[in-house]
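One-letter residues, chain by chain:
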Protein chains: 2
Amino acid sequence: MSVNRLIYLPLGGAGEIGMNCYVYGYGPEGRERLIVVDLGVTFPDMDGSPGVDLIMADISWLEARADRIDGIFITHAHEDHIGALGLLWPKLKSRVYARRFTANIGKLKLDEMGLPLDVITTVDPRPAVVQAGPFEVQFVPVSHSIPEASALVIDTPAGRIFHSGDFKIDHNPIVGEPWDDEAIKAIGEERPVKVLMCDSTNVFSTHPGRSESTLGTALRELISSRGGMVVATTFGSNVARLKTLAEAARASDRSICVLGRSMRRMLSVSEETGVLTGFPRLVSPEEALDIPRGNLMLLVTGSQGERRAASAQLSRGKYLGLQMKEGDTFLFSSKVIPGNERGVLKIMNAFSEMGVDVVDDCNGLYHVSGHANRPDLEHVHRLLLPDMLIPMHGEHRHLREHVKIATAAGIAAEVATNGMMMDLTGEVPTVVEYIETGRLYLDGNVLIGSMDGVVRDRIRMALNGHAMVTVILDEADEPLGEAWVELSGLPAVGRGERNLAETLETDLSAYLETAGAKVLRDDAKLDEALRRIVRQVSMEEIGKKPEVTVVVSRLQAE
Amino acid sequence: MSVNRLIYLPLGGAGEIGMNCYVYGYGPEGRERLIVVDLGVTFPDMDGSPGVDLIMADISWLEARADRIDGIFITHAHEDHIGALGLLWPKLKSRVYARRFTANIGKLKLDEMGLPLDVITTVDPRPAVVQAGPFEVQFVPVSHSIPEASALVIDTPAGRIFHSGDFKIDHNPIVGEPWDDEAIKAIGEERPVKVLMCDSTNVFSTHPGRSESTLGTALRELISSRGGMVVATTFGSNVARLKTLAEAARASDRSICVLGRSMRRMLSVSEETGVLTGFPRLVSPEEALDIPRGNLMLLVTGSQGERRAASAQLSRGKYLGLQMKEGDTFLFSSKVIPGNERGVLKIMNAFSEMGVDVVDDCNGLYHVSGHANRPDLEHVHRLLLPDMLIPMHGEHRHLREHVKIATAAGIAAEVATNGMMMDLTGEVPTVVEYIETGRLYLDGNVLIGSMDGVVRDRIRMALNGHAMVTVILDEADEPLGEAWVELSGLPAVGRGERNLAETLETDLSAYLETAGAKVLRDDAKLDEALRRIVRQVSMEEIGKKPEVTVVVSRLQAE
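Sequence order as written defines residue numbering, which begins from 1 separately in each chain. To label them, take the chains in the order written and letter them from A, then take the ligands in the order written and number them from 1. At least 70 in pLDDT is required for a residue's local features to be given in this predicted model, at least 80 for side-chain atom pairs to be given and counted, and no such filter applies to totals for whole chains, interfaces and linings, which use all residues. Side-chain descriptors were evaluated using all non-hydrogen atoms of the structure, hydrogens and water having been removed beforehand.

**Q** How should I be thinking about helix 15 (residues 500-514) of chain B in this particular structure?
**A** Count 3.6 residues to each turn of an α-helix, and residues three or four apart come out pointing the same way. Residues and elements named next belong to chain B. Numbering of helices and strands starts at the N terminus; helices are DSSP runs of H or I of at least 4 residues and strands are runs of E of at least 2. Given the number of residues in a helix, its expected span is that number minus one, multiplied by 1.5 Å. Its 15 residues give helix 15 an end-to-end C-alpha distance of 22 Å, which sits within 8% of 21 Å, the value for a rise of 1.5 Å per residue. Residues of helix 15 that are buried: L500, A501, T503, L504, E505, L508, S509 and L512. Looking at the buried residues of helix 15, the elements they touch are strand 27 (466-473), strand 28 (484-488), helix 16 (517-520) and helix 17 (523-542). Think of a polar contact as two N or O atoms within 3.5 Å of one another; within protein, one of them needs to be a possible hydrogen donor and the other a possible acceptor, and neighboring residues in sequence only count if both atoms come from side chains. Regarding helix 15, its N-cap is N499, as a side-chain oxygen of that residue lies 3.0 Å from the backbone nitrogen of A501 further along. Burial classes follow relative accessibility: with a 1.4 Å probe on protein chains only, a residue under 20% of its type's maximum area counts as buried, one over 50% as exposed, and anything between as partly exposed. By the convention used here, residues are in contact when the closest approach between their heavy atoms is within 4.5 Å.

**Q** Looking at this structure, how should I read the environment of R5 of chain A?
**A** Residues and elements named next belong to chain A. With respect to the secondary-structure elements, R5 resides in strand 1 (residues 4-12). Accessibility expressed as a relative area gives 10% for R5, which makes it buried. Between the C-alpha atom of R5 and that of A158, which follows or precedes it by 153 residues, the distance is 7.5 Å. The residues touching R5, leaving out its near neighbours within four places in the chain, are G25, Y26, G27, E29, G30, E32, M421, D423, T425 and V432. A distance of 2.5 Å separates a polar atom in the side chain of R5 from a polar atom in the side chain of E32.

**Q** Whenever I open this one, the packing of aromatic side chains confuses me. Can you help?
**A** Working definition: an aromatic ring pair is given by the centre-to-centre distance plus the angle between the planes. Under the pairing criterion, centres of Phe, Tyr and Trp rings, with the six-membered ring standing for Trp, must be within 6.5 Å; the plane angle then separates stacked pairs below 30 degrees from edge-to-face pairs above 60, leaving the rest tilted. In the structure shown here, the tally under the stated rule is 14 aromatic pairs over all chains. Taking 5.5 Å as the distance between ring centres and 20° as the angle between the ring planes, the aromatic pair formed by F167 of chain A and W179 of chain A counts as stacked. With F167 of chain A in the loop between strand 13 (159-163) and helix 5 (181-190) and W179 of chain A in the loop between strand 13 and helix 5, the pair connects residues that are twelve residues apart, well separated along the chain. Summarising the burial analysis for this pair, F167 of chain A and W179 of chain A share the class buried. Relative to F139 of chain B, the ring of F73 of chain B lies with its centre 6.2 Å away and its plane at 40°, an arrangement referred to as tilted. Of the two residues, F73 of chain B is situated in strand 7 (residues 69-73) and F139 of chain B in strand 11 (residues 135-141); the sequence distance between them amounts to 66 residues.

**Q** Even after reading the chapter, I still don't get the sheet that holds strand 18 (residues 329-332) of chain A, so can you show me in this structure?
**A** The strands making up a sheet associate through backbone hydrogen bonding, with each pair oriented either parallel or antiparallel. Residue and element names in this part refer to chain A. Spatially, five strands are ordered 16-17-15-18-19 in an open sheet, and the strand pairing comes out parallel. Either end of the sheet is taken by a strand with one partner, and the two such strands are strand 16 (255-259) and strand 19 (357-359). Going from strand to strand, the sheet's axes swing by 20° on average, the running direction of each strand aside. For two strands to be treated as a pair, DSSP must find no fewer than two bridges joining them. For every element, the axis is a line fit to its C-alpha atoms; helices are fit only across the contacting stretch, and the angle between N-to-C directions ranges from 0 to 180 degrees.

**Q** Where do I start with a positive patch on the surface in this structure?
**A** Excluding any residue in a salt bridge, patches collect residues exceeding 30% relative accessible area, merging like charges within 9 Å and nonpolar Val, Leu, Ile, Met, Phe, Trp and Tyr side chains within 5 Å. Only the protein chains shown count as cover for residues, with accessible areas throughout obtained via the Shrake-Rupley method and a probe of 1.4 Å. Within this document, salt bridges are pairs made up of a side-chain nitrogen of Lys or Arg and a carboxyl oxygen of Asp or Glu, the two lying within 4 Å of each other. A positive count includes Lys and Arg, and a negative count includes Asp and Glu. His and the chain ends are not counted in either. For charged residues, the charge sits on one atom: NZ in Lys, CZ in Arg, CG in Asp, CD in Glu. A surface patch of like charges, here positive, comprises R307, R308, R316 and K346 of chain A. Note on placement: K346 of chain A falls in helix 11 (residues 341-354).

**Q** Looking at this structure, how should I read the interface of chain A and chain B?
**A** In many analyses, interface size is given as the accessible surface area lost on bringing the parts together. With 62 residues of chain A at the contact, the number on the chain B side is 61 residues. Computed with a 1.4 Å rolling probe, the buried area is the accessible surface lost when two parts are put together, summed over both parts. Summed over both partners, the interface of chain A with chain B buries about 5200 Å², with 58% contributed by carbon and sulfur atoms. Applying the counting rule to chain A against chain B returns ten salt bridges. Where D443 of chain B meets K544 of chain A, a salt bridge forms, and the shortest distance between an N and an O atom there is 2.9 Å. Connecting chain A to chain B are 35 residue pairs in polar contact (both at pLDDT 80 or more).

**Q** Looking at this structure, I do not really get unusual backbone geometry. What am I missing?
**A** Glycine aside, residues mostly have negative phi, and peptide bonds are mostly found in the trans state. Residues and elements named next belong to chain A. Here R126 and P127 are connected by a cis peptide whose omega angle stands at 20°. Here P127 lies in the loop between strand 9 (120-122) and strand 10 (130-132). A positive phi angle is found at N363, which is not glycine, with a value near 50°. Within the element layout of this structure, N363 appears in the loop between strand 19 and helix 12 (374-384).

**Q** Could you clarify how one ought to interpret the side chain of S200 of chain B in this entry?
**A** Residues and elements named next belong to chain B. For S200, the location among the structural elements is in the loop between strand 14 (193-199) and helix 6 (216-224). Accessibility expressed as a relative area gives 0% for S200, which makes it buried. Separated by 3.1 Å, the side chain of S200 and the backbone oxygen of C198 make a polar contact. For S200, the side chain forms a polar contact with the side chain of H402, separated by 2.9 Å. S200 has contacts with P391, M392, H393, H398, L399 and H402, leaving out every residue within four places of it along the chain.

**Q** It is not clear to me how the side chain of S311 of chain B should be interpreted in this structure. Could you clarify?
**A** Residues and elements named next belong to chain B. As for its position among the elements, S311 is in helix 10 (residues 310-316). Look at S311 and you get buried, because its relative accessible area is 0%. There is a polar contact of 2.8 Å between the side chain of S311 and the backbone oxygen of T301. Not counting the four nearest positions on each side in its chain, S311 is found in contact with T233, V300, T301, G302, S303, F330, I347 and F351.

**Q** Just to check I follow, could you spell out helix 13 (residues 396-408) of chain A for this structure?
**A** Counted at 1.5 Å a residue, the expected span for helix 13 of chain A with its 13 residues is 18 Å, and the 18 Å between its end C-alpha atoms agrees. Of the residues flanking the end of helix 13 of chain A, it is G410 of chain A, one or two places downstream, whose phi is positive at about 85°.

**Q** How should the relation of the copies chain A and chain B be read in this particular structure?
**A** Both copies of the chain are placed relative to one another by a rotation about an axis and a shift along it. Mapping chain A onto chain B calls for a screw motion: a turn of 180° about the axis and a shift of 0.0 Å along it, with 0.1 Å RMSD after fitting. Taken together, the turn and the small shift mark the pair as related by a two-fold rotation axis. Looking at the interface residues of chain A, 98% of them are also at the interface in chain B, so both copies use one shared face. To superpose the copies, least squares is applied to the C-alpha atoms of every residue with a pLDDT of at least 70 in both.

**Q** Got a minute to help me understand the pairing of strand 25 (residues 439-443) of chain B in this structure?
**A** Looking down a regular strand, the side chains alternate between one sheet face and the other. Residues and elements named next belong to chain B. Buried residues dominate strand 25, accounting for four of its five residues. By the bridge criterion, four bridges tie strand 6 (residues 54-57) to strand 25 in an arrangement that is antiparallel. Bridged to M56 within strand 25 is L440. For strand 25 and strand 26 (residues 446-449), the ladder comprises four bridges, and the chain directions are antiparallel. Across the sheet, residue D443 finds its bridge partner in strand 26, namely V446. Following strand 25, the chain reverses through two residues before pairing antiparallel with strand 26; G444 in that reversal takes a positive phi of roughly 65°.

If you want it as structure tokens, here you go:
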């Protein structure tokens, strides 16, 4: 008789914030039945992934075991949890479970990819149970910064797992269910929690988190004190914030216009699923043009400085006929995610040049986080009293700090980063295998591996420029004419005011004239020799070595 | 008789933080005698200036008027004030004035470029006066985060200017002269200050700034509480911080080893100029290897996550024989400059993976800023009681906020950004001309203009990839063989698993077969047609349009 084991394998989101994808397995080693929690994306940047559209976990390991997957569970509809559903589902083809709001967002993603929508099953919250192979899964409402965020209770023959998802403790979240200490505590009383997988995002924030409801007064005061048009940005999915902002606008007799597709989409799904009611009627951008500026508020996308979002568009001038001007106010009801500072500052300065007053979150006056802070995490540890804790949703430093806290409280805790398969069957989590993981890039409409070299070549061209050499050889392997050089991303003129392309052509042609037949006959040798000359001469002329592409054309006797 | 006027022209540093370069002029319009204050650099980033080594102000306007320059004054030795001296001096060839420490750093920069060192005159602080054409200039010691930082008193026939340079109010700066309210106040009493040009960096910080001396106790406690090796990073030029850190290390019996050329250079110039005394003896990296970890502290460069600096090197493994490990501590006695977050977080996480405890500035416990905060700025306004104020050393939002503050205090204030020439002769500052300004890039060893298209092409290749097409035509303008396509930074395989290069070659060759003589004969038309096919087919195959370089080789009858 084979021994069953309970395993956990993060493929994304553990050792980074983004592209969440976690796997649980139960069964005999190598034949475990599997469930997947979340299929998220992360966003590219120029430093590491120029030109890429989206980044997601490389799920090759799962794909190879697709026949063992008993379900995909999506905790909530943030892009880092659901963004890859349409792109990765075809590799897994398993049934998807989510609560109504999340499911509806998921269906939009499947629809965009032309996939069937009925693979998603809408699930009610606990006590409703999804049976998925050896797993019994319940969705537990938690407060976060998007409607219907959920933790998961995952029951297995080896014990109960509490997968926190993204959460905060908010007793008055404006939209959705308040955090309920008793309900969470009851989960551990009903059946002891063997393992807590826990959000680690805000583990370094030492003060207790604040409720979404603490913002209303300050936002009302700010918006009513302003004379011109007020434009506010926040995450489009933060429907509670949109509601608070809209109500503050109404309180000072402002009509509300929403700019940005993702925000409009979130609002309409919120209304159609009933999580949002009583939201003020919106005016269209055309209607907004006829409303006095002092009676208008725009709610816009682009709180992270995204180049194509409404905020950035407005910072560059007229957008959908609307334009910021002196006396207007632009409010970031948001925090900058590390790495997005440059884009956000660029927008702030552009508005400053227009005479617009830019207001940031003012140290939390106009924004609260959607994640549990350190004291809140400790509180949840105490509510659930798990035997083990594995931190997730964090960079390595967050995970490590979370382990320290848990260990200090007597919980067996371990850092598990992407690819570390943990055996949770016993008393303590144990690493049993390292799975090769990585990232997939959506580039245009193609999925490529981050290690395929495509992006590496782009980065090299961006850093070093690109020199292309064309050489034609005749049937006798003799050069026909001179070498031809085209430069891209390189200075035209080097030291001594010499034209770089011409200098290279001269030196390459001189080389070709004296090169032996052995080299001229051999594509690889010739390529190598020409490449070396280009790099060496460029180093002398301009002080850098470009990327080089050599094209040797050999004319055939016809 | 022509009327003399007093003008101010920022060429860099006004509307940005970095590459400071300010011009003052006095004389008849168009024939003013000029002085230059600071020749700084700013640092490139992958988003906007990939592959570039340094960025500085485009000083073409000054270069064209080099015969009218009566001196270059360097306020202090931070790179954003002195970094371009060696690179731009040859365009100006005017005498350079600085205090001793700054002058010695400046000489190292000239020396690196093989320039004569005696163009720099070392100047004593006020009351010493430099006569430079119609200008009388005095260096006023101010506290900052580098030795011998100075404001400038610039006397002109039209009145007195106080150019603040970078400064903070610090009555106990550890190294160098304390801030002296009386001495500053005396400047305005001696002769009324017509214009205050004022540092704006920290205008959004609403609490009064803190003294460098407030860090000693906390740093001593932190360092003595740690068991393993302690590694601390800060700006190499912050000699006071290095002293505080070194003394804290000595207090817990730690030997000190410095890693990083720029930091060693700052320490040695500080000692040779007498601004730093009693600094503990340093041990070499080789010696450090024999010292128990608990008795060792490394002071290292790279507080901003710079890839090649010591911090980043240590985060990647062994560096000069030294290696971080579990139980060690890494301290950022510094703040992240906006835009550098990704690099710093990468290092923090790499250390976390090694089991190293990473400590950041802990909300100012281990770091203070070198710039005056808002209440300090207001204090200086009151000390000097200027008629006018022009903010500098700030992004647009900083300058605008600073103007608001000054205006509220009854001072005539205006935002002047790079290229805005202001006439300061009258009662209020007036814009008289917009000068074309911009940025110069040091790229390898070549200076290129930011608008030359070189960097634009690099960014495009990074975002879109690069496709190179080679076509050979014979003497009769008939295609010889097929089109050849090389791809760089593009996926090899597109939709339907078709090889992209082959698909392109097939389609291009098919086009060539049917193309009319009119196109085949015309390089521009052919180039355009082939380029369009590549972009269109790529869009279909991979969902993006690459940059395209077409090489048409025409064989000549010999």
